[in-house]
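Breakdown of the fold
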Amino acid sequence: MLEKYLQYLQLEKRYSPHTITSYRKDLEDFSHFYLKTEGSEDISKADKKTIRNFIVELSENHISKRSINRKLSSLRSFYLFLLKVGEIKVSPTESISSLKFYAEKQIPISQEEMQTLSDRVLADQPELLEKCIIEVLYQTGMRKAELCGLMFEDVNLNGNELKVIGKGNKERFIPVSHNLSDLLRSYMEVRKPDSQHQSYFFVNQKGKKLNEKFVYVVVNKYLSLVTTKEKRSPHILRHSFATHVLDNGAEISKVKKILGHSSLASTQVYTNANIEQLKKVFNQAHPRASKKEEL
């Protein structure tokens, strides 16, 4: 049933290959545990006690609570599928709660650090691909997987916008600045894809589609030159993009669309560190706000 479930994710849910790989890994980890403890690979027969024992073993192996919750979410989804197709009558994950934890606070790269990177490092960077990776991630907030999968036909430089295929195969359009459009035009002049990867906008020196590990290495290398913050990943550039545009007055609903979030709550996390600024905006703009007293 595992393969049927993964086909369901691909064909009906239209999940990305990266997401499907993550689901497969989580379910295979549980399959190995089930074989070890129950002597069977048929995880459709698992019960609630086995699921709880799996969580206990993960904890004892010092797997993070975030990772455990992700595996539990994968199991919930799998058993909901089995319910849907009539393979089981009750999900063994029913009433099993996710582990509570305090999410690690993501500290964005500051606007000053990003300006230093642009003015003193990238300005003289002859490697256009690496410069494009940094600027596209920071100026659009897209995910590294979305950057790697960006299609050539979806780059509209005359219209200054990119069409991005995000999670759940959802399309969204991201506006780009004239400066970024000019940078991408310069890259197009040196871009040399091989015959199998012409449809991808970004390709490596061998002409092949970029892989996510390469993107991570590039971002980490350049951010290390301008910041001592521990997080120097493509995701922190997405986090920094959201924080900086909100700091500068962008509407949160529009930032939500650009980031491809399904709920406003996902975007609101980027405002938490800036509550004092929001208070000032309220006191200056809201008709019910006191002009003499601040919140």
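About the thresholds
- Residues numbered from 1 in each chain as written.
- Predicted model: local features only at pLDDT ≥ 70, side-chain atom pairs only at ≥ 80, totals over all residues.
- Heavy atoms only, no water.
- Helix = DSSP H or I, 4+ residues; strand = E, 2+ residues; numbered from the N terminus.
- Buried < 20%, exposed > 50% of the residue type's maximum accessible area, 1.4 Å probe, protein only.
- Contact = heavy atoms within 4.5 Å.
- Areas by Shrake-Rupley, 256 points an atom, 1.4 Å probe, with all protein chains shown as cover.
- Core = buried A, V, L, I, M, F, W, Y, C linked by side-chain atoms within 4.5 Å.
- Axes fitted to C-alpha atoms, helices over the stretch in contact; angles between N-to-C directions.
- Parallel < 35°, antiparallel > 145°, perpendicular 65-115°, else oblique.
- Left-handed = near helix turned anticlockwise from the far one by under 90°.
- Nonpolar A, V, L, I, M, F, W, Y, C, P; charged D, E, K, R; others polar.
- pLDDT = per-residue confidence, 0-100.
- Phe/Tyr/Trp six-rings, centres within 6.5 Å; stacked < 30°, edge-to-face > 60°.
- Pairing = 2+ DSSP bridges.
- Lys, Arg positive; Asp, Glu negative; His and termini not counted.
- Salt bridge = Lys/Arg side-chain N within 4 Å of Asp/Glu carboxyl O.

**A word on the overall build of the chain**
On a plain count of helices and strands, the chain comes out with 13 helices and three strands. Relative to its 295 residues, the chain shows a buried fraction of 40%. Long-range pairs, those at least 24 residues apart, make up 55% of the contacts in the chain with a sequence separation of at least 6. Split by element, the accessible area of the chain, about 17,800 Å² in all, is 49% carbon and sulfur.

**Points about the nonpolar core**
One broad rule of soluble globular proteins: the nonpolar side chains tend to lie buried together. If you look at the biggest cluster of nonpolar residues, it comprises 46 residues, and the most contacted ones within it are Leu-117, Ile-133, Leu-147, Leu-184 and Phe-202. Beyond its immediate chain neighbours, meaning those up to four positions away, Phe-202 contacts Leu-129, Cys-132, Val-136, Leu-147, Leu-150, Leu-184, Tyr-187, Lys-208, Lys-209 and Leu-210. Membership of the second largest hydrophobic core comes to 26 residues, among which are Leu-2, Tyr-5, Leu-9 and Phe-81.

**Points about the packing of helix α1 (residues 2–11) against helix α2 (residues 17–38)**
Two measures define how a pair of helices packs: the angle their axes make with one another and the distance between the axes. Between α1 and α2, whose axes approach to 10 Å, the crossing angle comes to 160°. In terms of their interaxial angle, α1 and α2 are classed as roughly antiparallel. In the packing of α1 onto α2, the handedness of the crossing is right-handed. Residues Leu-2, Glu-3, Tyr-5, Leu-6, Leu-9 and Gln-10 of α1 form the contact with α2, whose participating residues are Ile-20, Tyr-23, Arg-24, Leu-27 and Glu-28. Here the contact of α1 with α2 is built from residues that sort into seven nonpolar, one polar and three charged.

**A short note on the confidence of the model for the chain**
In the predicted model, the chain carries a mean pLDDT of 87, and 89% of its residues have values of at least 70. Taken as a whole, residues 291–295 scores under 50 in pLDDT and shows eight contacts with residues more than four places along the chain or in a different chain.

**Thoughts on unusual backbone geometry**
Within the chain, Arg-14 stands out as a residue other than glycine whose phi angle is a positive 60°. Despite not being glycine, Ser-95 has its phi angle at roughly 75°, a positive value. Summarising the element assignment, Ser-95 is placed in the loop between α4 (65–84) and α5 (111–121). By relative accessible area, which is 54% here, Ser-95 ends up exposed.

**What to know about the packing of aromatic side chains**
How two aromatic rings sit relative to each other is set out by the distance from centre to centre and by the angle between their planes. The tally for this structure, following the rule as stated, stands at 15 aromatic pairs. Ring centres of Phe-30 and Phe-33 lie 6.4 Å apart, and the angle between their planes is 25°; this geometry places the pair in the stacked category. Taken as a pair, Phe-30 and Phe-33 lie in helix α2 at a separation of three residues, close to a single helical turn. With respect to burial, Phe-30 and Phe-33 carry one shared label: buried. Here a set of aromatic residues connected by ring pairs shows up, and it is made of Tyr-5, Tyr-8, Tyr-15, Tyr-23, Phe-78, Tyr-79 and Phe-81.

**Some remarks on the sheet that holds strand β2 (residues 161–165)**
Read across the sheet, three strands follow the order β1-β2-β3 without closing on themselves; strand pairing throughout is antiparallel. The strands lining the two open edges of the sheet, one partner per strand, are β1 (155–156) and β3 (171–175). Two elements, β2 and β3, share five bridges in a ladder whose sense is antiparallel. Across the sheet, the residue bridging to Val-164 is Arg-172, located in β3.

**With respect to the pairing of β2**
Where burial is concerned, the two faces of β2 differ: the one with Leu-162 and Val-164 is buried and the one with Glu-161, Lys-163 and Ile-165 is not. Bridge analysis of β1 against β2 gives two bridges, and the strand direction is antiparallel. Within the sheet, the bridge partner assigned to Val-155 lies in β2 and is Leu-162. Connecting β1 to the antiparallel partner β2 that follows it, the hairpin turn spans four residues, and Asn-160 within it adopts a positive phi of roughly 50°. Counted along the chain from β2 to the antiparallel partner β3, the turn is five residues long, and its residue Gly-168 has a positive phi close to 70°.

**Brief notes about the side chain of Lys-131**
One can find Lys-131 in helix α6 (residues 128–140). Of the side chains with opposite charge, Glu-135 comes closest to the buried, unpaired Lys-131, at an N-O distance of 6.2 Å. Once residues within four sequence positions are removed from consideration, Lys-131 is found in contact with Leu-122, Ala-123, Gln-125 and Leu-183.

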